[in-house]
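If you want the building blocks of each chain, they are given just below.
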Amino acid sequence: MGATSSGPGPAPARPPQGRAVGSWVRALLSRAGSMPVSVPVPVPGLALAPRGPAEEPPLPGWPLPQLVSLFLPEFPVRPSARQQQLKILGFVAKGSFGTILKVLDCGREKVCAVKVVPKVEVLRRDTLKQCKEEVSIQRQVRHPFVHGLGDSWQGQRHLFIMCTYCSTGDLHALWRAAGCFAEATVRLFAAELVLVLVYLHDLGIMHRDVKMENILLDERGHLKLTDFGLSRYLQWGERAHTICGTLQYMAPEVLSGGPYSHAADWWSLGVLLFALASGEFPVAPAGDHVAMLERVKQSSYESPPAFSPELARLLAELLCHNPLYRLRYLHHFQGHPFFRGVAFDADLLQKDPVVVAVAPQPREQSPPDPATFADFDYDLAASPDRPWPG
Ligand SMILES: Nc1ncnc2c1ncn2[C@@H]1O[C@H](COP(=O)(O)OP(=O)(O)OP(=O)(O)O)[C@@H](O)[C@H]1O
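From a predicted model like this one, the values you see are computed outputs, not experimental measurements. (Residues numbered from 1 in each chain as written. Predicted model: local features only at pLDDT ≥ 70, side-chain atom pairs only at ≥ 80, totals over all residues. Heavy atoms only, no water.)

Considering the arrangement of structural elements, one finds Ala 357 in helix H13 (residues 355-358). For the pair formed by Ala 357 and Leu 171, sequence separation is 186 residues and the distance between their alpha carbons is 8.7 Å. (Helix = DSSP H or I, 4+ residues; strand = E, 2+ residues; numbered from the N terminus.)

Below, the structure is given as structure tokens:
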């Protein structure tokens with residue numbers, strides 16, 4: 001689970017980012033329950049046939065209620081006609097921010113995933129800026145190993161973020177089922193992630209939550225980095241100070257409250273590759289970032305003897321306490337002995353399916369949790385075989 005904190009003490013789950021709106025948002029929040037919202041409300045049970053633009057009710061006029069306008073323009077009020085034809089197929093996961101549902105986009109006959117985030121939760125956690133940044137970053141990035149944004153919109157009480165559904169699940173589930181991976185597989189996954197991180201960093205984007213749970217697998221087993229909920233733009237030379245990420249993956253300079261920059265993502269990659277190759281995290285989790293920092297400082301990050309010398313060297317160079325000496329440029333990886341013979345080219349990397357990922361695995365299935373549906377807008381409470389919104 002991701003977490004942020006802006007100072008000493010235990011890191012709460014994904015709090016402060018949108019500081020500028022803090023006090024008035026809290027005031028707004030206290031009134032949110034009774035606030036009238038002039039948003040077109042879908043009626044459950046309506047026909048599935050798409051409505052043409054001419055039949056759509058006009059957009060609500062200005063001024064929009066604040067609970068709506070706050071989320072503009074990243075979350076437009078009204079979904080386009082095709083998005084009104086969604087049918088819930090099932091529950092995928094409950095993230096720290098929202099619930100992920102599998103839906104059928106009837107208009108396009110495509111299965112998608114929709115992250116449903118309660119607006120009240122965004123405001124309560126003071127994460128409005130962060131939430132909007134997530135969508136704007138995901139809209140900007142286009143890369144074969146990034147899970148791109150399909151669309152985003154808002155209802156009366158929820159925000160909706162839609163993207164392609166990844167049927168093969170996430171890397172964490174695969175790792176749990178497999179135990180660990182052969183070095184050849186680690187090499188392929190590592191090369192794909194190197195390309196993604198280099199791409200993001202070139203755009204000035206720090207992901208800040210690189211972890212297995214945030215890496216989806218496409219139908220051929222290749223990686224798709226997702227969840228830009230903690231990402232932010234950082235200019236060249238600029239530094240961040242917010243303690244955020246997932247404790248076990250957080251670089252020492254992040255755990256200590258900065259200053260830090262894009263190099264922190266490379267540390268997270270080192271932790272991830274260590275776990276993929278050994279089946280274990282290099283350092284056991286601690287209860288908070290202070291205790292975790294102590295553990296990280298004391299750990300020598302020695303690789304198990306089963307690792308090849310090339311892999312051990314790669315990990316030592318990623319899990320380097322001083323970010324200035326950490327590997328972080330494409331040429332560092334292109335010339336690294338662990339990647340000898342690897343072409344850092346997305347098309348070539350994707351040429352073959354990843355056998356271990358596409359072979360049937362006994363996966364942990366998350367059973368649908370009826371409690372998670374009870375909290376939604378009434379249109380989301382529709383049973384899976386009914387159209388949503390109606
Ligand atoms: N497009 C998708 N296709 C299939 N599964 C998905 C998709 N998007 C997310 N998931 C699943 O849902 C889980 C949670 O998604 P996500 O990380 O986006 O939510 P979150 O609220 O930001 O959670 P957290 O903060 O815990 O990472 C993922 O680990 C993945 O297993």
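From this point on, the discussion continues.
Sequence positions flagged by UniProt for "domain: Protein kinase" (unreviewed entry) are, in local numbering, residues 86-339. End C-alpha to end C-alpha, residues 86-339 measures 44 Å, and it is 36% helix and 19% strand. (UniProt positions renumbered as here; feature names shortened; annotations may be inferred.)

Further remarks concern the pattern of salt bridges. Tallied over the entire structure, the rule returns 11 salt bridges. For the salt bridge of Asp 209 with Lys 211, the shortest nitrogen-to-oxygen distance reads 4.0 Å. The exposure classification of Asp 209 matches that of Lys 211, with both residues buried. For Glu 317, the salt bridge goes to Arg 313, with nearest N and O atoms at 3.0 Å. Here Arg 313 and Glu 317 lie together in helix H10 (residues 309-318), a separation of four residues that amounts to about one turn. Overlapping salt bridges, with partners in common, bring together Lys 115, Glu 134 and Asp 227 in one network. (Salt bridge = Lys/Arg side-chain N within 4 Å of Asp/Glu carboxyl O. Buried < 20%, exposed > 50% of the residue type's maximum accessible area, 1.4 Å probe, protein only.)

Regular strands have side chains that alternate between both faces of the sheet. Within strand S6 (residues 158-164), six of the seven residues are buried, which leaves the element mostly enclosed by the surrounding structure. Of the strand pairs in this sheet, strand S4 (residues 110-118) and S6 are connected by seven bridges, and their pairing is antiparallel. Its bridge partner lying in S6, Val 114 is registered against Met 162. Where strand S5 (residues 151-154) meets S6, four bridges bridge the pair, whose relative direction is antiparallel. What sits directly across from Trp 153, in S6, is Phe 160. Here S5 folds back onto S6, and the loop between the two strands holds three residues. (Pairing = 2+ DSSP bridges.)

Annotation of the protein at the domain level lists domain 1 (68-165) and domain 2 (169-350). The distance between the C-alpha centroids of domain 1 and domain 2 comes to 26 Å. In this complex, domain 1 contributes 15 residues to the contact, which on the side of domain 2 involves 23 residues. In total, domain 1 and domain 2 occlude about 1700 Å² of area from one another, counting both sides; carbon and sulfur atoms represent 63% of this. On the domain 1 side of the interface with domain 2, the three residues burying the most area are Ile 137, Phe 145 and His 147, jointly 39% of the side's total. Our count for the contact surface shared by domain 1 and domain 2 stands at one salt bridge. A salt bridge links Lys 115 to Asp 227, with the nearest nitrogen and oxygen atoms 3.8 Å apart. Here the side of domain 1 that touches domain 2 is composed, by residue class, of five nonpolar, six polar and four charged. (Domains from an automatic or database assignment. Contact = heavy atoms within 4.5 Å. Buried area = accessible area lost by both parts, 1.4 Å probe. Nonpolar A, V, L, I, M, F, W, Y, C, P; charged D, E, K, R; others polar.)

In this section: the packing of helix H8 (residues 263-278) against H10. Following both chains from N to C, one finds H8 and H10 inclined at 150°, their axes separated by 8 Å at the closest point. Read as a crossing pair, H8 and H10 show a hand that is left-handed. Side by side, H8 and H10 meet where Trp 266, Trp 267, Leu 269, Gly 270, Leu 273, Phe 274 and Ala 277 of the first sit next to Leu 311, Leu 314, Leu 315 and Leu 318 of the second. Grouping the constituent residues of the contact of H8 with H10 by class yields 10 nonpolar, one polar and no charged. (Axes fitted to C-alpha atoms, helices over the stretch in contact; angles between N-to-C directions. Left-handed = near helix turned anticlockwise from the far one by under 90°.)

On to the packing of aromatic side chains. Pairs of aromatic rings are described using the distance from one ring centre to the other and the angle between the two planes. Under the definition given, this model contains 10 aromatic pairs. Geometrically, the ring pair formed by Phe 181 and Phe 189 is edge-to-face, given 5.8 Å between the ring centres and 90° between the ring planes. Relative to Phe 344, the ring of Phe 339 has its centre 5.2 Å away and its plane inclined at 65°; by these criteria the two rings are edge-to-face. With relative accessibility at 1%, the residue Phe 339 sits in the buried group. (Phe/Tyr/Trp six-rings, centres within 6.5 Å; stacked < 30°, edge-to-face > 60°.)

This part is about the environment of Ala 178. Along the chain, the position of Ala 178 falls in helix H5 (residues 171-178). For Ala 178, a relative accessible area of 30% puts it in the partly exposed group.

The next thing to look at is the side chain of Lys 119. Among the structural elements, Lys 119 can be located in helix H3 (residues 119-124). You can call Lys 119 buried: its relative accessible area is 0%. Of the polar contacts made by the side chain of Lys 119, one reaches the side chain of Gln 154; its length is 2.6 Å. With residues up to four places along the chain from it excluded, the contact list for Lys 119 reads Leu 67, Val 68, Phe 71, Gln 154, Gly 155, Gln 156, Arg 157, His 158 and Leu 159. (Polar contact = N/O pair within 3.5 Å; in protein donor to acceptor, adjacent residues only side chain to side chain.)

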